[in-house]
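Structural characterization, general
What follows is the residue order along each chain.
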Amino acid sequence: MPPPPTTTAHSPPPPLPLTDTDIIHLAQYHHSKTTTALPPFLLSPSSHQTLLSYLHSRSSSPSPSLSVAEYTSSLISLISLSPHPTNPSLSTLLSSLLSSYITLFISRQIPHDRNSLTTIQLFLCHLENINTKYLPSITDSITSNLSEIVDPDDAQLLDLLPKCLNLIRGRGGSIDLVIDRVLACDWSRVLLVKMVSIMREFSFLDKGRCREFVDKVFDKMQCAELQDLPSLVYQLLVLGSKGFCKREMVEGIVMFFGKMGKKGGSIVRQVEGTVLLHLNFAVKQDPSLGQEVMGLVRADVRALNHFTTAVLLSIARVRRFNESSMGIMKSALSTAYKDYKFAKVCKWLPDDFKEEYLQRAILIEEAVLRAVNESNCGREHILPSIVQLGFVLVESMEDKGHNEHCKSESLMGSQELGIQILKSLFNVHDMARNEIIEQCKFRILSSKPEQSLAIIRLLSYLVRSYPYPMLENVSHLKELLDYFTFMQGKIGTHLVTALLPLIKFSRDLQDYTILVVRKAMFKREASVLLAATSAIIDLILTEKQFKKDGPYSFQESSSQASCSQQAEVPSGMRGGLFQELNGLLQRCLYQKAKVKEIMYHGLVKLVLADPLAAGAVFDFLLPHFLHFYIEDADVPLGISRCIKSESGKVCIEEPLDCLLSCISWILLLQPPGKSDHPSDSWACFGFSLTQENEARRTSSGESFSSALLKIRKFLRNGNMQGLLSQTQDSSSTPLQEGKKGYHAWILSGIIEVVLNTIATELEKATDDKKSDLKKELIELVNTYESLEKYTLISKQSNSIKRGIVRSTSQDIPANIDLGNLKFFKERTPLLATSSICQLLLTALEIYKCDCSNITSTSQNRSQLSSIKSSSRCSKFISFILSSSIHQVKSFPFVGKDDPLMKLIYGDIKALGPPLLRLLWLLKAEQNFEVSQKKEAKAKKDGEERKELIHLALVCLKELIIVSSQNEDQMGLIEDMVSESILESTSTNVPDADLDDECEVGYRSDDQNTRSKDMFLKKVIKPLFSELLAVSFFQEVEILCDITMMIGNKLPRERRNFLGTWAICTCKSSDISNSKIAKSVVSLALELTSPPNDLDVAQEMTLELFKVIGILEIPPTQQPLKKSEIYRVINDSTKAAVASSILQMIESIIVDMDWVIVKLKNCSTATQKLLLHDENREQEDPCLALEEALDSRAEAVVKVLSSFWVMNLEDPQVEHLLRVAAKFYKNLARMSKLRIAPKGCKQVWPSLKYQKLVEITCKQLTAPLYGFLADIQKKQQMRAKIRGIVNKIKRENRCIPDLIFQIEDYEKYLILLSKATKVNLLRHAKRSTSRDFRIINPENEEEDTSVHEPNENNDSATQNEPSEEHGENEDEGVGLDNALSPEPDDPMAVEDSESDGENGDSILNAKRARMNRVVEESEDEA
């Protein structure tokens, strides 16, 4: 039986399946229709597997790329047509399809080509339709094979990564693991390029993650191909301009290329050039990038490498950054030089930092030069910036001390570096030459004289190094010469000198220069005339030098179009410049005295260059000389014709002494008896050397020779009164007195000329003739001395009483032409160094002879003749020593290339040995005179010898200064050491320091150090002891200066030995002269190396307290008359010693100021590193510097604390208050540096700093208020004394500043205590009121009663720090609780014990004294 029928629900039939071809056709059909429904098969979840199987089957086809791409794009297109693309079924299908495609792509079952890229971009457009739960697996698949990416097409999937991560993050998911996986994997070169390209899409990342990506990029850029670097940099710059770690991006680019070094050669340079162009373009588009580059260098000079320099030069082409870029580079160089200069002279700075700052300066110089040298490698756009930088550096003003430090360590300095930059640019780049010369012309005409001289020095280098390229621009040089008459005289002279080497190649330039100079000779301005005269002489000398060196031919550059039109004349067919310019030289003879002297010196140089020109020079000078020489007259010199008066002022019209000096030198160089003048040397003057001409030539030389002999004979007779009487009238007016003084001045110069001649003869004379010459020397010097009362030039201010030193002037009458007199202060000496040496040797012989005569006649009563002879000998020595001083002082102002340098100055150090021999002889004779105190004339002779010793020591000091500044004269001390050893052997000169200290110096490898040690031991120390014993205080002061100069040049060990000797002198010598005491104390402190120097200062301060006494009103204790330990400290010297110590402290405070600035820069860089990587432990590179600063400040506190209890005089009180204010200001800055900026990790204060704060509060701040109270009470007692009011006012102005600095220091201590939770103020007396009123000393009615503290004082002042610094009430309470320890806290127990060490009575006494000065202000009451 069949079963009964049942009723069931009707289910819909399954959707018809679609093949992959159907899907492609369906997508094409649907693409042509606007609105159609999707086939049910696609909407069914059961069809997903079938759809995905089509994808895999197509990947196995013969052309999988197109087949898979066609199918995938069709399926995605159909899914996108759904009105609900986020439908769960479609979302699942899309995610499955993407996952399958990624699997096929990673497994390389489909090619990585253009079709795959199009497909991935299509997926990218529909990622937002994928369900969130599928996105993590997709990102995992994308990042699973990052390390296997070796081809650019392999990285196509990474285009999906940023959007996937952004969707996950936006829907609340975590992306940290994915980011960590990306950063942890090994990036290949291809992956690096891809990551940089997509990094701009990671804008959703925080700053820390962005910085990690940037660090990873620059870390992997080391392995990138060179050709990829420009594109990478461009992408990074685009990222930076969009705000993606802009600062880190710029810093990374600059430092990456700065560390590349020289690897890769020209290819790397070309890559850098392309990168510079990218940077330049990026800065134009986003100026903030340029600000970041400049901020990087401004924050840390160490960032200035060769590439940073090139970047700054590149962005300097942007107008808005031009001045700032140049300023930053100039400032960086200047800072490097100044830092090294300071580090070298700062004795307490660690040696590592001195070497570091030197290397930093050298590296910056090398970086700038390298950037310039590589400017021809694809970076021609920075050439204008390089030219500008070179001129900015050339025009920078540097002090002399800076140049000396640079030269000593092979540093160039700013000016020399700028010259090297422009020279290199001129040599390499033709296009820059015209600009450089144009800039030279413009800047010479518009800059200050000092800057113009630097530009002219550059021009001189270019002319000498590149003459032919310079000839191509000769038209610009001619334009510059057109302004010759409008330039300052010194500028015009140096300009012509710089261009003279070119006249060898261009006669046209020579003729144009002569034309310009000829015009200038008709100007009235004195400076123009002087410049023109110097130019004439230089032109003549240059011609002579070229003839001497080789053929003198003119060759124009082939680049000049006008060369063929110029008639070239061979040198043999044309006359010399001396003949051509004879008319201009004749015109010089009618100008002012200074013009004539320049010409006279030039003629001597001419004979030095060409001795055969002597006859022509004599012929030129003879007619002019005869105006002032009368051959047959009793007085052959017409001195009165040399002087004239204009507008009631007297001036010298003819420097007759200089004229005679010129003639004398020419006669010495080329005696008239020589007949070695070939006839061809006279052809240039327009005549042949016939017998008539030869006679005339000989006549000129012999005429001068006979005239000088007659003048010499006249001067020896000593009829000066008859010569000076030529100007006397019946009335003696000031004008006539002025004329007479100038007559004596000229006459004294003529005597020097004659003395120079005699000294030259004496060197070559026989023994029989030497006696007469010595006698003549003494007579002439005696005549010279007789003119002293007529001269207008006063003696030198340093106690020179004998001899007329022709280099200084004081007390000039009103009717004297000061401009004329200024010239004579700067004139070249008339005595040669060799002549002075010969005179010194003669003086030694005469003095020894006189000493033996005095000894032999000391037993007789008739000593008149010997005393007279001794007086004349003293005058002779005084004249020689005064001349030596003038010679040495004028030596540094003569150019090394000046021909007169060798002729007149010669070997200046040759003065040392005879000078030292004379000094020993004078000292020995002085000891003899001291033993003859019973003789009436002995005292006078002793004073004269004291004066001679002073002169000798002054000359010795000046010689040592010259020796230390000139490398050519470095052998001075060695020569004098050899002389001192010989002298001590022959005369038994005692040695100082019988110990073996100096033996260490003898074993030194440095000959210079050994020589200085021996010189100090054999010369300076014995002289110091003996002169101090006979109270020659001025002379001892000079010895102290010499010791300081030499000691500062010694190595540390030897300097300490010298400081020990000075300390022993302070302990053993009874010195009553305050200047000597100050000098000796300064020696002891300056020559003792840190930290021992401040220990010595502290010991001296304690002994000083015993002598000065305690500051008590009224005084209860009598101070000592003299220290028992340091005998140099006594009643007469206590003020000077106190001043020396305070000056030392002040110099240390200046050093501290610089160190604090360096610490600030260093701490900024360190905090930046900590901020970038908080987990990395960074070692602070400035810890050693910070520790040295803390130690130095602690030692300063110990020294200053002793002054608060001293009964100082008003000048010392004012000085002390100023020094203390500066010190507290530095303490405040030190405390501020230890407070970490916002966002940085706060560092715990070191134990060294905590100790510094403790002793500052206890030993310096606490007793300070009592000191202020006592000095104000002392002021009140002396307020009625006349003249004391101004001193009190000055002191009262210092007190508010000091109190302000103390409060500022304590404010930062409070802030630091809050930040570190360390109570740094536990030793401070915070209950003391700071509101006080300075008592007016002029108000006698002022109530001087002391306001006693009220009963609420303690409670009112407990919270004072928060009230002082503007803290709110809650912060004040919190701070008070933080800084005030609880009663049970061990810190409180320690504080109470430390406070109770001195007893309650002492504490109460201090508070009572404080309350007397810190009175409550009535205005604020």
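Rules used throughout
- Residues numbered from 1 in each chain as written.
- Predicted model: local features only at pLDDT ≥ 70, side-chain atom pairs only at ≥ 80, totals over all residues.
- Heavy atoms only, no water.
- Helix = DSSP H or I, 4+ residues; strand = E, 2+ residues; numbered from the N terminus.
- Buried < 20%, exposed > 50% of the residue type's maximum accessible area, 1.4 Å probe, protein only.
- Contact = heavy atoms within 4.5 Å.
- Areas by Shrake-Rupley, 256 points an atom, 1.4 Å probe, with all protein chains shown as cover.
- Disulfide = S-S within 2.5 Å.
- Phe/Tyr/Trp six-rings, centres within 6.5 Å; stacked < 30°, edge-to-face > 60°.
- Lys NZ or Arg CZ within 6 Å of the ring centre and 35° of its normal.
- Axes fitted to C-alpha atoms, helices over the stretch in contact; angles between N-to-C directions.
- Parallel < 35°, antiparallel > 145°, perpendicular 65-115°, else oblique.
- Left-handed = near helix turned anticlockwise from the far one by under 90°.
- Nonpolar A, V, L, I, M, F, W, Y, C, P; charged D, E, K, R; others polar.
- Salt bridge = Lys/Arg side-chain N within 4 Å of Asp/Glu carboxyl O.
- Expected span 1.5 Å × (residues − 1).

Turning our attention to the overall build of the chain. In terms of regular secondary structure, the chain is built from 60 helices and 2 strands. Residue burial in the chain is summarised as follows: out of 1421 residues, 53% are buried. Considering only residue pairs separated by 6 or more positions, the chain has 77% of its internal contacts joining residues 24 or more positions apart. Total accessible area on the chain is roughly 64,500 Å²; 51% of this is exposed by carbon and sulfur atoms.

What follows concerns the state of the cysteines. Cysteine pairs can be linked by a disulfide, which is a covalent bond between their two sulfur atoms. Under the defined criterion, the tally for this structure stands at 0 disulfides. The thiol of Cys 837 is unpaired, and the distance to the nearest cysteine sulfur, on Cys 955, comes to 9.8 Å.

Here we take up the environment of Met 1100. Relative to the assigned elements, Met 1100 resides in helix H50 (residues 1092-1108). The sequence separation of Met 1100 and Ile 1141 amounts to 41 residues, and the corresponding C-alpha distance is 8.5 Å. Among residues more than four places away in sequence, those in contact with Met 1100 are Cys 1066, Val 1081, Ala 1084, Leu 1085, Tyr 1126, Ile 1129 and Ile 1141.

Attention now goes to the environment of Leu 1320. Secondary-structure assignment places Leu 1320 in the loop between helix H55 (1285-1316) and helix H56 (1353-1357). Take Leu 1320: its relative accessible area is 4%, and that puts it in the buried class. Taking the C-alpha atoms as reference points, Leu 1320 and Gln 1250, 70 residues apart in sequence, are found 6.8 Å from one another. In contact with Leu 1320, other than residues within four places in its own chain, are Tyr 1249, Gln 1250, Val 1253, Leu 1309, Leu 1312 and Ser 1313.

Applying the stated criterion across every chain, the model contains 21 aromatic pairs. Their ring planes at 50 degrees and their centres at 5.6 Å tell us that Tyr 101 and Phe 123 sit as a pair that is tilted. Here Tyr 101 is found in helix H5 (residues 88-106), whereas its partner Phe 123 is found in helix H6 (residues 114-125), with 22 residues between them in sequence. For Phe 123, a relative accessible area of 2% corresponds to the buried category. Ring geometry for Phe 256 and Phe 257: centres 5.1 Å apart, planes at 85 degrees, overall edge-to-face. An identical accessibility class is assigned to Phe 256 and Phe 257; each is buried. The residue whose ring lies beneath Lys 504 is Phe 546, and the NZ or CZ to ring-centre distance is 5.5 Å.

Interhelical geometry of helix H4 (residues 64-80) versus H5 gives an angle of 160 degrees and a closest axis separation of 11 Å. Regarding the angle of H4 to H5, the classification is roughly antiparallel. The two elements H4 and H5 meet at a crossing, and its hand is left-handed. In contact with Val 68, Thr 72, Leu 75, Ile 76 and Ile 79 of H4, H5 contributes Leu 90, Leu 93, Leu 94, Leu 97 and Tyr 101. Counted by class, the contact of H4 with H5 contains 9 nonpolar, 1 polar and no charged residues.

When charged atoms on two side chains of opposite charge get close, those side chains can pair. For the coordinates displayed, the defined rule picks out 55 salt bridges. The salt bridge involving Arg 269 is made with Glu 374; its shortest N-O contact spans 3.5 Å. With a gap of 105 residues between them, Arg 269 in helix H14 (residues 266-285) and Glu 374 in the loop between helix H18 (351-373) and helix H19 (383-394) connect regions that are remote in the sequence. A residue is classified by how much of its surface remains accessible, and Arg 269, at 6% relative accessible area, is buried.

One can describe the packing of helix H12 (residues 229-241) onto H14 by two numbers: an axis separation of 9 Å at closest approach and a directional angle of 20 degrees. In terms of their interaxial angle, H12 and H14 are classed as roughly parallel. Every pair of crossing elements has a handedness; the one defined by H12 and H14 is right-handed. Here Leu 229, Pro 230, Val 233, Tyr 234 and Leu 237 of H12 come into contact with H14, specifically with Val 271, Thr 274, Val 275, His 278, Leu 279 and Ala 282. Tallied by class, the residues present in the contact of H12 with H14 amount to 9 nonpolar, 2 polar and no charged.

A few words now on helix H31 (residues 593-609). With 17 residues, H31 should cover 24 Å at 1.5 Å per step; its first-to-last C-alpha distance of 24 Å lies within 8% of that length. Judged by how many residues are buried, H31 sits mostly within the fold: 13 of 17 residues are covered.

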